[in-house]
Protein chains: 2
Amino acid sequence: MDIRPPRRKGVQSRGGEETVADIHASRALLPEGWARDVTVTLGEDGRIAGVRSGDRAPAGADILLPAPANLHSHAFQRAMAGRTEARSGARDSFWTWRALMYRFLDRLTPEQVEAIAAQVQVEMLEAGYAAVGEFHYLHHQPDGTPYDDLAEMSGRIAAAARTTGIGLTLLPVLYVQGGIDGRALEGGQRRFGNDLDRFARLCEGARAALCRLPGDAVPGIAPHSLRAVPPPVLADAVAAHGEGPIHIHVAEQTAEVDEIEAAWGARPVEWLLTTQPVDALWCLIHATHMTPPEVEEMAATGATAGLCPVTEANLGDGIFDGARFLEAGGRFGVGSDSNVAIGLAAELRQLEYSQRLRDRSRAVLADADRSTGRVLYEGACGGGARALGRDAGAIREGAWADLVALDGDALALAGLDGDALLDGWIFAGDDRVVADVWSAGRHVVGAGRHHARDAVERRFRDAMRQLAE
Amino acid sequence: MDIRPPRRKGVQSRGGEETVADIHASRALLPEGWARDVTVTLGEDGRIAGVRSGDRAPAGADILLPAPANLHSHAFQRAMAGRTEARSGARDSFWTWRALMYRFLDRLTPEQVEAIAAQVQVEMLEAGYAAVGEFHYLHHQPDGTPYDDLAEMSGRIAAAARTTGIGLTLLPVLYVQGGIDGRALEGGQRRFGNDLDRFARLCEGARAALCRLPGDAVPGIAPHSLRAVPPPVLADAVAAHGEGPIHIHVAEQTAEVDEIEAAWGARPVEWLLTTQPVDALWCLIHATHMTPPEVEEMAATGATAGLCPVTEANLGDGIFDGARFLEAGGRFGVGSDSNVAIGLAAELRQLEYSQRLRDRSRAVLADADRSTGRVLYEGACGGGARALGRDAGAIREGAWADLVALDGDALALAGLDGDALLDGWIFAGDDRVVADVWSAGRHVVGAGRHHARDAVERRFRDAMRQLAE
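What you see is a predicted model; the values in this text were computed from it and never measured. (Residues numbered from 1 in each chain as written. Chains lettered and ligands numbered in written order. Predicted model: local features only at pLDDT ≥ 70, side-chain atom pairs only at ≥ 80, totals over all residues. Heavy atoms only, no water.)

Visitor: Honestly, the sheet that holds strand β12 (residues 282-286) of chain A in this entry has me stumped. Any pointers?
Guide: As a general point, the strands of a sheet are linked pairwise by backbone hydrogen bonds and lie either parallel or antiparallel. All names here are of chain A. Strand order across the open sheet formed by 4 strands is β11-β12-β13-β14, with parallel pairing between neighbours. The strands lining the two open edges of the sheet, one partner per strand, are β11 (246-250) and β14 (331-334). Pairs of neighbouring strands in the sheet enclose a mean axial angle of 30°, with direction left out of account. Bridge analysis of strand β13 (residues 304-307) against β14 gives 4 bridges, and the strand direction is parallel. (Pairing = 2+ DSSP bridges. Helix = DSSP H or I, 4+ residues; strand = E, 2+ residues; numbered from the N terminus. Axes fitted to C-alpha atoms, helices over the stretch in contact; angles between N-to-C directions.)

So this is what it looks like as structure tokens:
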């Protein structure tokens, strides 16, 4: 790792060039609630070595929170932001957008993918995320031929994480067919395809790439969707996988729900829950279109709902039944998916606002003890960590030190305290209140800026220029 | 006016200390579409003295757009941002939020209102708005006694505009009763109340305050709502008003729709359109809950729909039928209303995203010739100017020079051109891409910062500290 602590703002830490440092905060969100004058000690291994409160914090010390993971990203799609908002036909939809996306990815090189992924990760870290689940499906050359190194593209995602210091859960995607009728992959899809054998080798290569990262990197798998993976292949892939996270896109679009129901006699989430061993290792991405019984049954499995509120709004997917899912004890996290815009406050805000607009109500996801912002934030921390197989999500001894410090002088937080600090950030603020971020103890953002932003941005701009040629 | 040109970034202007200046832009959105190498000449009177294209722009010149007006603001509510997102009962709604708001405003002094309004205006200008329609209802002392100067509070809003240089359309609110049953004003509402005579005197005082502002300030009136103004009083107020803008809250909440329909046999917008001379001078704020015939009839009047997408999401109001309204030729503008968050890109994005989530479709408000972002942006410019009685909304000779320059180096705009520049700003960017803003020729924002931000923010923080005591 070439990460050195950047110049600090707000949060006071001691320890100089040593690996172990103390972070002092005037206020911190601990598992048992808000505490004042908290000192968090970072261990050499990137984990939290100790937490104590009551020490007098130095003047100017900020607000310390656990930093959530961004549980769903397709990094390369960041390069399409702003390019798909005109009409491409009489009625635009997810499917016309997907056609544009396929044309776009026809040209991406490994170098460009690494440059784009690094930029995305820098923006995520600056937004307050400590880790990312990269749902990675761009494996091969444009005509479908594997690269000499089968895991070349997975290696590029890992290389980007090495540059940025983000905590990476890499989820190589299994993509077998072009639709539930078993048709062959075509056009842009040819870059995604593998049979189960080649997928196993690709995952091995991806694991090897993760070995060059710090110990918090996690390997997982992502059967792309019920469209792209036939049931027997899905069952085999899951059985072969062992202990890591399993992510799958499901029930994002009503057309997909209708197609699965017509073909298999069950709705996608219903089918998944009755045929697969869905448990707390699983993350069901989107799960937008569920019936009330599906919502309750999914909540009972312990699987995480991988919500991507900004992308789901951008793609016109629909509104997740959040109130019912939380009521049933469900776990969720958030992801930036298409990366059309990368924000943490923005994702949580859009999640709640969509609920409010549907229900014509306020504070929909709040509970009796916690404000809307706190329910959203603690949900994203807990669910994101679980979905990524990451021992994190709370400020407690032994967990990875995934931390975010908010600038206590930020105007959006002026005069606020307790849960209202989170409400102020999420509903009245944006990423500009983020001062510092640590990912498994790596201090990657200081004074709101990633330490390698300039170099990463330069390479991203170069890649974008090449793509425009 | 004590406004001096701040240091420039990007947009090149000549003219030094003289009032007349040339603004050069590499790309500009003119009434006839996108143009390259555009020079806009500012007249001494704050109007655009000339527009020509084809001159070679200096290197680094940015993207020039008309700057829209923010057509609906209750400035003082900015002080509540982040403080109302916890549950106050079993089920939170607009009405529980309103109760909190009333309690809050019990304490506001004129000095605090001026400080808060100035902060709000600075944030609006930095977001890319050139003007604001302040729907101003906080007139009296907490117990309902008028201040010695009846228009004291209106004067404070005008004084804030004098400090910030924003274009002000001041809409003193007529608020007569506590509900359609004619009940008296209670609690926080006592600060709002006037009969028609006193309201006329208050409007005179407000006009006098506007005379101390530059010539682009506009007086209007705002009968608060059908709840707060009995029909005969509304008719008299409208008849007495003459030529300026008339704004009214209508059909924001289903409870209000039900109440009016039960009492008067017509839905609120329906009632307004059949009993009042609604025309292009009118701005119907929210108009969220309309039947399809109401949507079409409202569009035909030429009245502006005053949409407040972020606040309407925050308050759980519901989703405006934007696609049908535009299809019918309706005009809209946007406002930040409660000012829970002040953004221009954010309002337009939320407007479109709510449509997409409801319709499960993309690019809902785009048309065959213009991208989503351009339809949203040109709509907000044209509708906002009309609703505020402001001769602006496009870059054309003779109009007020309400202009915004985007930073051509902003990452959110990298590699984009034409309509996609607006899509990039609105869907992938935020206010950070705004470099310069002129309001009727006053260059108030440069390098993304308002020239008086530090002083204004200091006074705002002082006011917030006093309110917390």
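Visitor: Even after reading the chapter, I still don't get the relation of the copies chain A and chain B, so can you show me in this structure?
Guide: What connects the two chain copies is a rotation about an axis and a shift along it. With an RMSD of 0.0 Å, the operation that places chain A on chain B is a rotation of 180° combined with a shift of 0.0 Å along the axis. Taken together, the rotation and translation relating the two chain copies correspond to the operation of a two-fold axis. Taking C-alpha positions as reference, the residue of chain A nearest the rotation axis is A:Ser354, located at 3.8 Å. Comparing interface residues between copies, 100% of those in chain A also lie at the interface in chain B; the contact surface is shared. (Least-squares fit on C-alpha atoms with pLDDT ≥ 70 in both. Contact = heavy atoms within 4.5 Å.)

Visitor: Explain the interface of chain A and chain B to me, please; I cannot follow it from the model alone.
Guide: Much of the literature gives interface size as the accessible area that the parts lose upon coming together. Taken together, the contact pairs 61 residues of chain A with 61 residues of chain B. At the boundary of chain A with chain B, total buried surface from both sides reaches about 4800 Å², with 52% on carbon and sulfur atoms. Interface area lost by chain A to chain B is led by A:Leu357, A:Arg362 and A:Leu411, which between them contribute 18%. Joining chain A to chain B, the criterion identifies 4 salt bridges. Between B:Glu85 and A:Arg362 there is a salt bridge, and its shortest N-O distance comes to 3.1 Å. At the boundary of chain A and chain B, one finds 24 residue pairs in polar contact (both at pLDDT 80 or more). Contributions of two or more residues to the side of chain A that touches chain B are made by α1 (94-105), α2 (110-127), α9 (309-314), α11 (345-359), α13 (419-428) and α14 (453-468) of chain A. Among the elements that line the side of chain A that touches chain B, the one with the most residues is α11(A), at 6 residues. Tallied by class, the residues present in the side of chain A that touches chain B amount to 23 nonpolar, 16 polar and 22 charged. (Buried area = accessible area lost by both parts, 1.4 Å probe. Salt bridge = Lys/Arg side-chain N within 4 Å of Asp/Glu carboxyl O. Polar contact = N/O pair within 3.5 Å; in protein donor to acceptor, adjacent residues only side chain to side chain. Nonpolar A, V, L, I, M, F, W, Y, C, P; charged D, E, K, R; others polar.)

Visitor: What exactly am I supposed to notice about the packing of helix α3 (residues 152-164) of chain B against helix α4 (residues 196-210) of chain B here?
Guide: The angle between the axes and the distance between the axes are what describe a pair of packed helices. Residues and elements named next belong to chain B. In contact at an axis separation of 9 Å, α3 and α4 are set at 20° when each is read in the N-to-C sense. In terms of their interaxial angle, α3 and α4 are classed as roughly parallel. In the crossing of α3 with α4, the sense of the turn from one axis to the other is right-handed. Here Ser 154, Gly 155 and Ala 158 of α3 lie close against α4, whose contacting residues are Leu 202, Ala 206, Ala 209 and Leu 210. (Parallel < 35°, antiparallel > 145°, perpendicular 65-115°, else oblique. Left-handed = near helix turned anticlockwise from the far one by under 90°.)

Visitor: When you look at the sheet that holds strand β14 (residues 331-334) of chain B in this model, what are you seeing that I'm missing?
Guide: Residue and element names in this part refer to chain B. The strand order across the open sheet built from 4 strands is β11-β12-β13-β14, with neighbouring strands paired in parallel fashion. Because the sheet does not close on itself, it has two edges, and the strands there are β11 (246-250) and β14. Averaged over all adjacent pairs, the angle separating strand axes in this sheet is 30°, with direction ignored. In the sheet, strand β12 (residues 282-286) pairs with strand β13 (residues 304-307) via 3 bridges, with the strands oriented parallel. Looking across to β13, one finds that Leu 284 is bridged to Ala 305.

Visitor: Honestly, the packing of aromatic side chains in this entry has me stumped. Any pointers?
Guide: What describes a pair of aromatic rings is the distance from one ring centre to the other and the angle between the planes of the rings. All names here are of chain A. Counted according to the given criterion, the structure contains 18 aromatic pairs over all chains. Look at Phe 94 and Trp 97: their rings are 6.1 Å apart centre to centre, the planes differ by 35°, and that puts the pair in the tilted class. In this pair, Phe 94 and Trp 97 both sit in helix α1, 3 residues apart, roughly one turn of the helix. Of the two residues, Phe 94 and Trp 97, neither departs from the other in class, the shared state being buried. Relative to Trp 425, the ring of Tyr 377 has its centre 5.6 Å away and its plane inclined at 50°; by these criteria the two rings are tilted. (Phe/Tyr/Trp six-rings, centres within 6.5 Å; stacked < 30°, edge-to-face > 60°. Buried < 20%, exposed > 50% of the residue type's maximum accessible area, 1.4 Å probe, protein only.)

Visitor: Quick question: what am I supposed to make of the pattern of salt bridges here?
Guide: Two side chains that carry opposite charge are able to pair once their charged atoms sit near each other. Residue and element names in this part refer to chain A. Enumeration according to the criterion identifies 58 salt bridges over all chains in this entry. With a closest N to O distance of 3.0 Å, Asp 417 and Arg 27 form a salt bridge. Linking Asp 417 in the loop between β15 (403-406) and α13 with Arg 27 in strand β2 (residues 21-30), this pair joins segments that are 390 residues apart in sequence. For Arg 453, the salt bridge identified is with Glu 457, shortest N-O distance 2.5 Å. One end of the pair, Arg 453, and the other, Glu 457, are both in helix α14, 4 residues apart, so they sit about a helical turn from each other. Neither Arg 453 nor Glu 457 differs from the other in exposure class; each is buried.

Visitor: In this structure, what is going on with the nonpolar core? I would like to understand it.
Guide: It is characteristic of soluble globular proteins that their nonpolar side chains tend to be buried jointly. Core analysis: the biggest nonpolar cluster contains 138 residues, and A:Leu272, A:Leu284, A:Tyr377 and A:Trp425 have the highest contact counts within it. Looking at which element gives the most residues to this core, the answer is α2(A), with 9 residues. Excluding residues that lie within four positions of it along the chain, A:Tyr377 makes contacts with A:Leu65, A:Pro66, A:Ala67, A:Pro68, A:Leu344, A:Leu348, A:Val404, A:Leu422, A:Trp425 and A:Ile426. Counting 137 residues, the second-largest nonpolar core is a separate cluster that includes B:Ala266, B:Trp271, B:Ala299 and B:Val437. (Core = buried A, V, L, I, M, F, W, Y, C linked by side-chain atoms within 4.5 Å.)

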